[in-house]
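Here is how the chains run, residue by residue.
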Amino acid sequence: MRKGTILLNESFKRVGDVAVDERKRVSLTKALESLKEILGDEKELDESLRFGVYVNDAGQVLLSPEVSVPMHELWLYRNPRALKMVAKGLEEAREGKLKDLGSFEKHADDDIE
């Protein structure tokens, strides 16, 4: 695998077999069914899911599910401290640990630099 690629789990299970068609394509239907069991059957997955493709020296192919990140959000993924803070905030919100700070309506017309 290329530098920077992390194998998250070495436990693979066979979900079926496929053949290459006349246009050199392989159907991922069976793999996607299993993937949705793991990642959830969300509509967003169907619309944004991509795969990183890796090949090892034995010729085995690994497809790693990926999603694209908009450039204006990339800074967050490059800043581990900020990403950790966002993840913590989301977890606290899921747990109902919210603090009502009231309305910010009075700031609606403030100039923002």
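Structure shown above.
This section reports on the structure supplied with the text.

A few words now on the overall build of the protein chain. A count of helical and extended segments in the protein chain gives 4 helices and 2 strands. Across the 113 residues in the protein chain, those meeting the buried criterion constitute 7%. Long-range pairs, those at least 24 residues apart, make up 15% of the contacts in the protein chain between residues at least 6 apart in sequence. Accessible surface computed for the protein chain: about 11,000 Å², of which carbon and sulfur atoms make up 53%.

The next thing to look at is unusual backbone geometry. In this structure, Lys 24 takes a positive phi of about 60 degrees despite not being glycine. What makes Lys 24 exposed here is its relative accessible area of 73%.

Now for the pattern of salt bridges. Taken as a whole and judged by the stated rule, the model has 4 salt bridges. Ionic pairing is found between Asp 21 and Arg 25, a salt bridge with its closest N-O pair at 3.0 Å. Overall, Asp 21 belongs to the partly exposed group, its relative accessible area being 26%. Owing to a relative accessible area of 43%, Arg 25 belongs among the partly exposed residues under this scheme. Two residues, Arg 94 and Glu 91, come together in a salt bridge whose shortest N-O distance is 3.1 Å. Taken together, the residues span about one helical turn, with Arg 94 and Glu 91 both in helix α4 (residues 80–94) at a distance of 3 residues.

Glancing now at the environment of Val 26. Of note, Val 26 is situated in the segment before α1 (29–39). When residues no more than four places from it in sequence are discounted, the contact partners of Val 26 are Val 18, Ala 19 and Val 20.

Look at any regular strand and the pattern is simple: side chains alternate between the two faces of the sheet. Across 6 bridges, strand β1 (residues 50–55) lies against strand β2 (residues 61–66) in antiparallel orientation. Opposite Phe 51, over in β2, you have Pro 65 as the bridge partner.

A word on the side chain of Ser 34. By secondary structure assignment, the location of Ser 34 is in helix α1. With a relative accessible area of 15%, Ser 34 lands in the buried category. Those residues in contact with Ser 34 that sit more than four places away from it in its chain are Lys 13 and Val 15.

The subject of this paragraph is a nonpolar patch on the surface. There is a patch of nonpolar side chains on the surface, built from Val 53, Val 55, Val 61 and Leu 63 and spanning about 350 Å² of accessible area. Residue assignment for the nonpolar patch shows that the elements contributing at least two residues are β1 and β2. Among the structural elements, Val 55 can be located in strand β1.

Take α4 next. In a regular helix each residue adds 1.5 Å, so 15 residues correspond to 21 Å; α4 covers 21 Å between its end C-alpha atoms and thus fits that length. Phi turns positive, to about 80 degrees, at Gly 96, one or two residues after α4.

What counts and how
- Residues numbered from 1 in each chain as written.
- Predicted model: local features only at pLDDT ≥ 70, side-chain atom pairs only at ≥ 80, totals over all residues.
- Heavy atoms only, no water.
- Helix = DSSP H or I, 4+ residues; strand = E, 2+ residues; numbered from the N terminus.
- Buried < 20%, exposed > 50% of the residue type's maximum accessible area, 1.4 Å probe, protein only.
- Contact = heavy atoms within 4.5 Å.
- Areas by Shrake-Rupley, 256 points an atom, 1.4 Å probe, with all protein chains shown as cover.
- Salt bridge = Lys/Arg side-chain N within 4 Å of Asp/Glu carboxyl O.
- Pairing = 2+ DSSP bridges.
- Patch = residues over 30% accessible without salt bridge, like charges linked within 9 Å, V, L, I, M, F, W, Y side chains within 5 Å.
- Expected span 1.5 Å × (residues − 1).

This is a description of form; function is not addressed.
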